[in-house]
Amino acid sequence: MENKSYYSKTYIPNIIKWGKATMLLGILTSFLPALVISFVYGYMPPISAIIAGTISQISVSGAFYIVEPISYFPILGIPGTYLTFLSGNTSNMRVPCSSVAQEAAGVEMGTEKGSVISTIGIAVSILVNVAILTAGAIGGNVLIGLMPAGAKEALTFLLPALYGAVFGQFAVSRPKLAVVAVIIAFGMNWLLLNGFLGFLPGTPSYAVILVSVFGSIFAGKLIYKKELAEPDKKEE
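Conventions we followed
- Residues numbered from 1 in each chain as written.
- Predicted model: local features only at pLDDT ≥ 70, side-chain atom pairs only at ≥ 80, totals over all residues.
- Heavy atoms only, no water.
- Helix = DSSP H or I, 4+ residues; strand = E, 2+ residues; numbered from the N terminus.
- Buried < 20%, exposed > 50% of the residue type's maximum accessible area, 1.4 Å probe, protein only.
- Contact = heavy atoms within 4.5 Å.
- Areas by Shrake-Rupley, 256 points an atom, 1.4 Å probe, with all protein chains shown as cover.
- Lys, Arg positive; Asp, Glu negative; His and termini not counted.
- Charge placed at Lys NZ, Arg CZ, Asp CG, Glu CD.
- Polar contact = N/O pair within 3.5 Å; in protein donor to acceptor, adjacent residues only side chain to side chain.
- Salt bridge = Lys/Arg side-chain N within 4 Å of Asp/Glu carboxyl O.
- Core = buried A, V, L, I, M, F, W, Y, C linked by side-chain atoms within 4.5 Å.
- Axes fitted to C-alpha atoms, helices over the stretch in contact; angles between N-to-C directions.
- Parallel < 35°, antiparallel > 145°, perpendicular 65-115°, else oblique.
- Nonpolar A, V, L, I, M, F, W, Y, C, P; charged D, E, K, R; others polar.

Asks: Before we move on, could you go through the overall build of the protein chain and cite the residues and values that matter?
Replies: When its secondary structure is counted, the protein chain shows eight helices and zero strands. Ordered by position in the sequence, the α and β elements of the protein chain form the string α-α-α-α-α-α-α-α. Projected onto its principal axes, the C-alpha positions of the protein chain cover 75 × 55 × 45 Å. Residues counted as buried form 24% of the 236 residues belonging to the protein chain. Across the protein chain, contacts joining residues at least 24 apart in sequence account for 62% of those joining residues at least 6 apart. Carbon and sulfur atoms make up 73% of the accessible area of the protein chain, which amounts to about 16100 Å² in all. Once the 14 positive and 11 negative side-chain charges of the protein chain are each reduced to a mean point, those two points are 6 Å apart.

Below, the structure is given as structure tokens:
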């Protein structure tokens, strides 16, 4: 009881306070190079180019600003969400590390224990990531240059393989939802590839992401409600 009180009254408020501060600092430092180039060295692009570039980028990745915090939060928890979106490599490293850490520790995702274990897993992944990136930045080009052409081509499949592994991990525990999610995603991709989403503004790939994510969330809610209702019907 004391641990739960500390978690909700001390730990999480401190996490939110420092999380907000570090996120704001991260935003500032992200824009700092562009601001220095524009206002110190005078290389300022025209406003029309800035607006056009912004619209183009939002049409491609704007959906992620909505989808990722909502879809990843149950896995990452509050502290893990701050760490993840500040450090980057969300779907290809932080989410897998978080889910594997919680699975290894035998805790349930979305709980207080799960949130703590998730934070530890993500924090360790960041330290390891920085060390590997440092080594990779120094010697990575040399190693890749020594690799045969076939091995270099195989590296392009790393990210799809990782997505598949993460999906498979959750599909084992929720097979019905996994089937529905695959049907929605493939259906939306078919509509995109065949031009049925051409009426949407910008690059309509964001519609595939939004519908797939929120459609899967809605389907999961319906399946969960149905599963809860089944024991009651059996008792009757």
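Still to come is the rest of the account.
Asks: Tell me about the environment of serine 115, residues and numbers included.
Replies: With respect to the helices and strands, the residue serine 115 is situated in helix H4 (residues 112-146). The buried category is assigned to serine 115, whose relative accessible area is 5%. Spatially, the C-alpha atom of serine 115 lies 37 Å from that of leucine 143, the residues being 28 residues apart in sequence. When sequence neighbours within four positions are dropped, the list of residues in contact with serine 115 reads Tyr7, Leu76, Gly77, Ile78 and Pro79. At 3.1 Å, the side chain of serine 115 and the side chain of tyrosine 7 are in polar contact.

Asks: Residue-level account of unusual backbone geometry, with values.
Replies: One non-glycine residue with positive phi stands out, namely asparagine 89, at about 55 degrees. Secondary-structure assignment places asparagine 89 in the loop between helix H2 (47-87) and helix H3 (90-105).

Asks: Any chance you could break down the pattern of salt bridges for me, citing the residues and the numbers?
Replies: A complete count under the given rule lists one salt bridge for this structure. One salt bridge connects arginine 174 with glutamate 227, and the closest N-O pair in it is separated by 3.4 Å. In this pair, arginine 174 is assigned in the loop between helix H6 (158-173) and helix H7 (175-193) and glutamate 227 in helix H8 (residues 205-235), connecting sequence segments 53 residues apart.

Asks: I'd like to hear about the nonpolar core, residue by residue, with values.
Replies: Core analysis: the largest hydrophobic core is formed by 10 residues, namely Ala63, Val67, Ile184, Met188, Leu197, Tyr206, Ala207, Val208, Ile209 and Val213. Of all the secondary structure elements, the ones that give two or more residues to this core are H2, H7 and H8. The dominant element in this core, judged by the number of residues it contributes, is H8, at five residues. Leave out the neighbours within four places in its chain, and leucine 197 touches Met188, Leu191, Leu192, Pro204, Ala207 and Val208. Listed in part, the six residues of the second largest apolar core include Tyr72, Ile75, Leu76 and Val95.

Asks: With reference to specific residues and values, describe the packing of H6 against H7.
Replies: Packing of H6 against H7 leaves a shortest axis separation of 5 Å and a crossing angle of 130 degrees. One finds that H6 runs oblique with respect to H7. Listed contacts from H7 to Phe167, Ala171, Val172 and Ser173 of H6 are Pro175, Ala178 and Val182. Per-class residue counts for the contact of H6 with H7 are six nonpolar, one polar and no charged.

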